[in-house]
Amino acid sequence: MTEQEWQVTNDPTPVMHYLRGKASDRKVWLLVSACWRSSSERYSAEDRLVLADVAERVADGEATTDELAALMTPFFTAEEESYDGASPDEASQEFTQTPWGAAWVCAYDAVRPEQAIVFLSTVRDIFGNPFRPVAATPSWLTSTVVALASGIYEQKAFDRMPILADALQDAGCDNAEILDHCRGPGPHVRGCHVLDLILGKS
């Protein structure tokens with residue numbers, strides 16, 4: 001995959017193949033959580049929120065994959081089509097035990113163009129542009145910037161992202177990608193690459 005393809009593709013499959021082996025389990029669980037929270041048709045609204053909350057807790061080390069698997073298993077059967085080259089039984093096991101299994105199901109569930117756009121917008125929020133990784137300059141990480149980023153992450157207060165951009169700019173940040181991302185329309189979710197950059201998460 002090229003940088004241009006990453007930026008413009010509306011097909012989740014090559015993006016997922018590119019990320020495999022490059023992304024942390026934490027990031028992938030947060031992608032899965034965001035997908036469940038926003039648009040999955042596989043679950044009821046109530047089930048989506050429960051699964052999304054537990055996946056976030058797994059990502060942050062506050063819950064185990066076994067806890068999440070116990071909730072996920074009823075939604076996946078051997079009759080499901082295989083994905084990513086796996087047999088149905090292999091897919092079922094990976095779906096309930098690994099973030100990548102669940103992420104592949106989310107990708108394959110994004111079958112309509114509007115669903116694929118939301119899925120890929122979330123991927124780009126979480127992973128940024130992997131072809132041009134950004135490093136935080138220590139002088140940007142003022143107490144104000146870190147406190148804002150922490151509050152946004154903990155409270156899911158993503159409407160404050162433009163305020164974070166202003167604080168970063170006041171601290172000397174002139175990186176257009178970071179500032180534009182904070183001021184852009186989103187979506188922004190837990191795992192947002194700018195928040196993770198500031199908070200030292202990976």
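Structure shown above.
These notes cover the structure that comes with them. On a predicted model such as this, the values are computed, not experimentally measured, just so you know.

1. Topic: helix 4 (residues 45–59)
The end-to-end C-alpha distance of helix 4 is 21 Å, a good match for the 21 Å that 15 residues give at a rise of 1.5 Å each. Those residues of helix 4 lying buried are R48, L51, A52, V54, A55, E56, V58 and A59. Looking one or two places after helix 4, you find G61, whose phi comes out positive at around 75 degrees.

2. Here's the deal with the nonpolar core
Counting 38 residues, the largest nonpolar core has L19, W29, W36, L68, F119, V123 and F127 as its most contacted members. At eight residues, the largest contribution of residues to this core is made by helix 3 (residues 25–38). The residues contacting L19, other than those within four sequence positions of it, are W6, W100, V123 and F127.

3. Side note on the packing of helix 2 (residues 12–19) against helix 7 (residues 99–109)
Where helix 2 meets helix 7, the closest approach of the two axes is 9 Å, and the angle between their N-to-C directions is 165 degrees. Viewed along their axes, helix 2 and helix 7 adopt a mutual orientation that is roughly antiparallel. For the element pair helix 2 and helix 7, the recorded crossing hand is right-handed. Here P12, T13, M16, H17 and L19 of helix 2 come into contact with helix 7, specifically with W100, A103, W104, A107 and Y108. Class assignment of the residues belonging to the contact of helix 2 with helix 7 gives a composition of eight nonpolar, two polar and no charged.

4. A closer look at the environment of Q115
Within the element layout of this structure, Q115 appears in helix 8 (residues 113–127). Linking Q115 and N10, residues 105 residues apart in sequence, is a C-alpha distance of 9.7 Å.

5. Quick look at the pattern of salt bridges
The final tally for this structure, using the stated rule, is 12 salt bridges. In this structure, R132 engages E3 in a salt bridge whose closest nitrogen and oxygen atoms are separated by 2.5 Å. With R132 in the loop between helix 8 and helix 9 (143–155) and E3 in helix 1 (residues 3–8), the pair connects residues that are 129 residues apart, well separated along the chain. Relative accessible area serves as the criterion here: at 56%, R132 is assigned to the exposed category. One salt bridge connects R190 with E154, and the closest N-O pair in it is separated by 3.9 Å. Of this pair, R190 sits in the loop between helix 11 (176–183) and helix 12 (193–199) while E154 sits in helix 9, placing them 36 residues apart in sequence. Judged by its relative accessible area of 11%, R190 falls in the buried class. Salt bridges sharing partners connect three or more residues here, namely R26, K27, R37, D53, E56, D60, E154, K156, R190 and D196.

6. A word on unusual backbone geometry
For the bond from G186 to P187, the omega torsion is 10 degrees, close enough to zero to count as cis. Note on placement: P187 falls in the loop between helix 11 and helix 12. With a phi close to 55 degrees, K156 is a non-glycine residue in the positive phi region. Classification of K156 as partly exposed rests on a relative accessible area of 33%.

Thresholds, definitions, all that
Residues numbered from 1 in each chain as written. Predicted model: local features only at pLDDT ≥ 70, side-chain atom pairs only at ≥ 80, totals over all residues. Heavy atoms only, no water. Helix = DSSP H or I, 4+ residues; strand = E, 2+ residues; numbered from the N terminus. Expected span 1.5 Å × (residues − 1). Buried < 20%, exposed > 50% of the residue type's maximum accessible area, 1.4 Å probe, protein only. Core = buried A, V, L, I, M, F, W, Y, C linked by side-chain atoms within 4.5 Å. Contact = heavy atoms within 4.5 Å. Axes fitted to C-alpha atoms, helices over the stretch in contact; angles between N-to-C directions. Parallel < 35°, antiparallel > 145°, perpendicular 65-115°, else oblique. Left-handed = near helix turned anticlockwise from the far one by under 90°. Nonpolar A, V, L, I, M, F, W, Y, C, P; charged D, E, K, R; others polar. Salt bridge = Lys/Arg side-chain N within 4 Å of Asp/Glu carboxyl O.

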